[in-house]
Amino acid sequence: MANPQTQHHIEKKEVHKEKGNDYKGTFMSVMLLGGFLILSWVGVWILYLIR
Amino acid sequence: MNMHKYEKVWLLFGTGTLLIFLIIVGISAFYMGNQPPSCAVTLNPDKVDETEPFNEPGLKQIGDDEYQLTIVASAFNYDVGSDDKVIEIPKGATVHFNVTTKDVIHGFELAGTNVNMMLEPGYISTYTNTFKNAGTYTLLCNEYCGAGHHLMAATIEVVES
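All of these numbers come straight from a predicted model, not from anything done at the bench.

Trainee: Even after reading the chapter, I still don't get helix H1 (residues 5-31) of chain B, so can you show me in this structure?
Mentor: At 3.6 residues per turn, the α-helix brings residues three or four places apart onto the same side. Over its 27 residues, H1(B) extends 37 Å from the first C-alpha to the last, a length consistent with the 39 Å expected when each residue adds 1.5 Å. Just downstream of H1(B), B:Gly33 is the residue with a positive phi angle, here 75 degrees.

Take a look at the structure:
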C-alpha cells in the first residue's frame, strides 16, 4: 500500500523540477515591471514635493 | 500547497506594496488630517454673492505670511476681486484657497503647482499651498464648462518679498 503514495510523490517532484528553470525570465520581467511602478510613484511624489 | 519560490517572493512584494500604500493613506488622512478639496462643506449656490466670505472675493492677509484667497467661479470667469485678474503673493507665503462656483462644474488648476481641484455648485473647495518658488502662474479651468471654457483664466504672481 505504500507504493502508490511514493510513486505519486516522485511524480510531483519531477514536474516541479522540470518547470523550475523556466521561471527566471518571468520573475525578472515581473520584478522589472514592479521596479518601474515604484520608480513612477517616487517620481510623482518628488514632483509633488518640489512644486 | 506547492508554490514556487519566485511566486512567493512576488506575492510578498505585491502584498507589501499594498500594505505600505494603505498605511501611507491612513497616516495622511487620520494623522496629518488630509482630506479631499471638497469635503462636504456646502452653501446655497443661488446666494453665493450674499454668503461670507464669497461676497468679497480677493486676497486677505490673516497672519504672518498667511493669506486667505477667496475666488468665485462662474461661466466663464474667475472673480478674484480685481478687474485685471492678477493676484500678487509674496514668495514663501501660505495661501488658503477658498473657492466655489455659482453655476456649473468648473476646474481650478494653478498650472505648475499642486493646486488642482474641482468646483461643484453648492460646495466649497479648499486647498492650502505654500508658494516656495517665485514666478507667474496661470489659473485655469480644466473641466469643460461651455463655449467660453478656454477664456476662463486668471494670473497669480509670486514675487520676491
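Trainee: What is the right way to look at the interface of chain B and chain A in this model?
Mentor: Frequently, the measure chosen for interface size is the accessible area that the parts lose on association. Facing 13 residues of chain B, the contacting portion of chain A comprises 15 residues. In this structure, the connection of chain B to chain A is made through zero salt bridges. The interface formed by chain B and chain A includes four residue pairs in polar contact (both at pLDDT 80 or more). Sorting elements by how many residues they give to the side of chain B that touches chain A places H1(B) first, with five residues.

Trainee: Would you mind showing me how to read a nonpolar patch on the surface here?
Mentor: Judged by side-chain polarity, A:Val42, A:Trp45, A:Ile46, A:Leu47, A:Tyr48, A:Leu49 and A:Ile50 come together as a nonpolar surface patch covering roughly 690 Å² of accessible area. The exposure class assigned to A:Tyr48 is partly exposed, which follows from its relative accessible area of 44%.

Trainee: Mind showing me how you'd approach the pattern of salt bridges here?
Mentor: Two side chains bearing opposite charge may form a pair once their charged atoms approach each other closely. Residue and element names in this part refer to chain B. One pass over the full model with this rule turns up two salt bridges over all chains. Where Asp49 meets Lys102, a salt bridge forms, and the shortest distance between an N and an O atom there is 3.3 Å. With Asp49 in the loop between H1 and strand S1 (58-63) and Lys102 in the loop between strand S5 (94-101) and strand S6 (106-110), this residue pair connects regions lying 53 residues apart in the sequence. Between Lys91 and Glu160 there is a salt bridge, with its nearest N and O atoms 3.9 Å apart. Residue Lys91 is located in the loop between strand S4 (86-90) and S5, and its partner Glu160 is located in the segment after strand S10 (153-159); the two are separated by 69 residues in the primary sequence. What makes Lys91 partly exposed here is its relative accessible area of 31%.

The rules behind the values
Residues numbered from 1 in each chain as written. Chains lettered and ligands numbered in written order. Predicted model: local features only at pLDDT ≥ 70, side-chain atom pairs only at ≥ 80, totals over all residues. Heavy atoms only, no water. Helix = DSSP H or I, 4+ residues; strand = E, 2+ residues; numbered from the N terminus. Expected span 1.5 Å × (residues − 1). Contact = heavy atoms within 4.5 Å. Salt bridge = Lys/Arg side-chain N within 4 Å of Asp/Glu carboxyl O. Polar contact = N/O pair within 3.5 Å; in protein donor to acceptor, adjacent residues only side chain to side chain. Patch = residues over 30% accessible without salt bridge, like charges linked within 9 Å, V, L, I, M, F, W, Y side chains within 5 Å. Areas by Shrake-Rupley, 256 points an atom, 1.4 Å probe, with all protein chains shown as cover. Buried < 20%, exposed > 50% of the residue type's maximum accessible area, 1.4 Å probe, protein only.

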